[in-house]
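# Geometric and topological summary
This is what each chain is made of:
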Amino acid sequence: MAIPTVDPARYDEQLAEKQAYVESTFAAFDTPALEVYPSPPSHYRQRCEFRIWHEENDLFYAMFEVDPENSKNKRVVRLDQFPVASAHINELMPKLRDAFLASDELRRRLFQVEFLTTLSGQALVTLIYHRPLGDAWEAEARVLEKSLDIMIIGRSRKQRLVVTQDHVWERLTVDGRTLHYQQVENSFTQPNAHICQTMLSWAKEATQGRQAEDLVELYCGNGNFTIALAENFRRVLATEISRTSVASANVNLEANGVTNAHVARMSAEEFALALKGEKAGRRVAEMALEEYDFSTVLVDPPRAGLDEQSCHQISEYAQIVYISCNPATLAENLTLLTKTHDIERFALFDQFPFTHHCECGVLLTRRQPQVASQS
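Residues numbered from 1 in each chain as written. Predicted model: local features only at pLDDT ≥ 70, side-chain atom pairs only at ≥ 80, totals over all residues. Heavy atoms only, no water.

### Some points on the overall build of the protein
Our working rule: Strands here mean DSSP runs of E at least two residues long; helices mean DSSP runs of H or I at least four residues long; both are numbered from the N terminus. Each radius of gyration is computed over the set of C-alpha atoms, and the globule rule expresses the reference value as 2.2 Å times the number of residues to the power 0.38. Burial classification: accessible surface area is computed with a 1.4 Å probe over protein chains only, and a residue below 20% of its type maximum counts as buried, one above 50% as exposed, and the rest as partly exposed. Every residue pair with non-hydrogen atoms within 4.5 Å of one another is taken to be in contact. Here the accessible surface of atoms and residues is derived via Shrake-Rupley with a 1.4 Å probe, and residues count as covered only by protein chains that are part of the display.
Helix and strand content of the protein: 11 helices and 17 strands. Relative to its length of 375 residues, the protein is compact, with a C-alpha radius of gyration of 23 Å against a globular reference of 21 Å. Counting only C-alpha atoms, the protein reaches 90 × 50 × 40 Å along its principal axes. The 375 residues of the protein split such that 52% are buried. Excluding contacts between residues fewer than 6 apart, the proportion of contacts in the protein whose partners are at least 24 apart in sequence is 64%. For the protein, the computed accessible surface area is about 17700 Å², with 48% contributed by carbon and sulfur atoms.

Written out as structure tokens, the structure reads:
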């Protein structure tokens, strides 16, 4: 893995390279002009993790660069600052290091530090150790929490000590509206909050005019899109397999006053069976599928994309909103989806500047069946 080299002067150049790559990758498809949404050129990532490297009486944050010709060869890179990370993370890095150096209890066998920050100014820091943690560690961690105005969690093998709380609250602004999101430690959240706001606004605009219809959302996470899009639809049914994310999504629905959405803990595959009437049980009954009139599906799958069966499933909806973190698997899926749907909008969201990663958004609408002419 190469550590991103952040050079704000080159930002427009690297974004142009990504745009060219995406346009080339999807050249075979009949796509409209690519919409390109830039990120802040630095300090854009709200969560990061670092190894802690110990050298005699010193320690420092580290990442590893892997030799592309031999993956077993790794070079330790010391990081006193990390311009990829949020300004808050960069502010905390030296203060935490000083605290570790001053305390044997906090530094001893400290292995890794994970940061989760928000645009709203909160910070949760997880300290991971190769030793059991006890009362002495918790007492020092509590003092450190107060001195830095952060929240701390200690982890070691089969142990998780939450000093104050295990989550932060993010506030995102979407089309002038402030949305509140509980983000739980060690669960997925969008790392670039600025781009997340842009993605939510784009998806909201793409799905306007369907207040009499219903939305089904697969891979909903903590309700990131669910909450932003709920006002565009009569009802929303969202599914997610992670128990932690489902619990957080329900907290977020309540925090934002969203009353027309239901989150079910179910995989995309199980949901497909439930729609066909081939899966029953309490969770299926709670969804009350017979009450919905789905016109739109939103999918935000992992890097592996959707399997063929899932593509066939979502192709049954009039409108598809596909958020993708992997252009290669997106292209594979669009080969199937464009058999029934046209691409109406195509967007590049620069979620990870100065890396090869590209986040895309695609809006597809189902073609009307051709009517045979009467002779």
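Following the structure, the description resumes.
### Observations regarding the layout of surface pockets
Empty space left among the atoms is revealed by rolling a probe the size of a water molecule over them. Just so we agree on the cut-off: Note on definitions: the grid is 1 Å and covers protein atoms alone; a cavity is a set of points where a 1.4 Å probe fits but cannot get out; a pocket is an open set with protein on both sides within 12 Å along at least five of seven lines; lining residues have an atom within 4 Å of a point. Grid points are joined across faces, edges and corners, and a volume is the space filled by probe spheres set on the points. Amino acid classes used here: Ala, Val, Leu, Ile, Met, Phe, Trp, Tyr, Cys and Pro are nonpolar; Asp, Glu, Lys and Arg are charged; the rest, including Gly, are polar.
Considered as a void within the structure, the largest pocket measures approximately 830 Å³ in volume. Lining the largest pocket are 32 residues, with R45, R47, C48, E49 and M63 sitting closest to its centre. At the level of elements, β2 (47-55), β3 (58-67), β5 (110-117) and β6 (123-129) are the ones that each hand at least two residues to the lining of the largest pocket. Looking at the lining of the largest pocket, the element that brings in the most residues is β2, giving five residues. In terms of residue class, the lining of the largest pocket is made up of 18 nonpolar, eight polar and six charged. Taken as a whole, the second largest pocket spans an internal volume of roughly 670 Å³. If you go around the second largest pocket, you meet 34 residues; those closest to its centre are R47, F188, T189, Q190 and D300. Elements that contribute at least two residues to the lining of the second largest pocket include exactly β5, β9 (167-174), β10 (177-184), α5 (193-206) and α6 (224-229). Split by residue class, the lining of the second largest pocket holds 15 nonpolar, 11 polar and eight charged.

### Some remarks on empty space enclosed by the protein
All told, the structure shown has one cavity of 30 Å³ or more when counted by the stated rule. In this structure, the largest cavity occupies an estimated 40 Å³ of space. Around the largest cavity, the lining residues are Q182, Q183, V184, S187, F188, T189, N222, S245 and S248. Those elements that provide at least two residues to the lining of the largest cavity are β10 and α7 (243-255). Per-element tally for the lining of the largest cavity: the top contributor is β10, with three residues. Taken together, the residues of the lining of the largest cavity sort by class into two nonpolar, seven polar and no charged.

### A look at the sheet that holds strand β7 (residues 151-156)
Counted only if it meets this: One bridge is not enough; two strands pair if DSSP finds at least two bridges between them. Note on method: axes are straight lines fitted to C-alpha atoms, helices fitted across the in-contact stretch only, with angles between N-to-C directions ranging 0 to 180 degrees.
The seven strands are arranged β4-β3-β2-β5-β6-β7-β8 in an open sheet whose pairing can be described as mixed. Each edge of the sheet is formed by a strand with only one pairing partner; in this case those strands are β4 (70-79) and β8 (159-162). Going from strand to strand, the sheet's axes swing by 30 degrees on average, the running direction of each strand aside. Bridge analysis of β2 against β3 gives five bridges, and the strand direction is antiparallel. Residue W53 lies in a different strand from β3, and its bridge partner there is F60. This element, helix α2 (residues 87-102), spans β2, β3, β4, β5 and β6 of the sheet and lies at about 125 degrees to β3. Lying on the sheet, helix α4 (residues 135-148) is in contact with β6, β7 and β8; it crosses β7 at an angle near 150 degrees.

### What to know about the nonpolar core
This is how it is decided: Buried Ala, Val, Leu, Ile, Met, Phe, Trp, Tyr and Cys residues form a nonpolar core when they are joined through side-chain atoms within 4.5 Å.
Among the nonpolar cores identified, the biggest contains 75 residues, and F50, Y61, F82, L96, F115, L334 and F346 are the most heavily contacted of them. Ranked by residues supplied to this core, first place goes to α2 with six residues. Residues contacting F82, with those up to four places away along its chain left out, are I3, H43, C48, F50, M63, N90 and M93.

### Considerations on the UniProt feature "binding site: S-adenosyl-L-methionine" (unreviewed entry) in the protein
Selection criterion: UniProt positions are given in the numbering used here, feature names are shortened, and annotations may be inferred rather than shown by experiment. In protein, a polar contact requires one atom able to donate a hydrogen and another able to accept it; more generally it is a pair of N or O atoms within 3.5 Å, and residues adjacent in sequence count only if both atoms are side-chain atoms.
UniProt tags Q190, Y219, N224, E240 and D300 as "binding site: S-adenosyl-L-methionine" (unreviewed entry). As for the annotated residues, the ones lining the second largest pocket are Q190, Y219, N224, E240 and D300. Tracing the backbone through its elements, the reader meets N224 in helix α6. Taking relative accessible area as the criterion, N224 reaches 10% and is therefore assigned buried. Apart from the residues within four sequence positions on either side, N224 is in contact with L172, Y181, Q190, C196 and L200. For E240, a relative accessible area of 12% translates into the label buried. Excluding residues within four positions of it along the chain, E240 makes contact with Y219, C220, G221, S245, V246, A264, R265 and M266. Within the local environment of E240, its side chain forms a polar contact with the backbone nitrogen of S242, the two atoms lying 3.0 Å apart.

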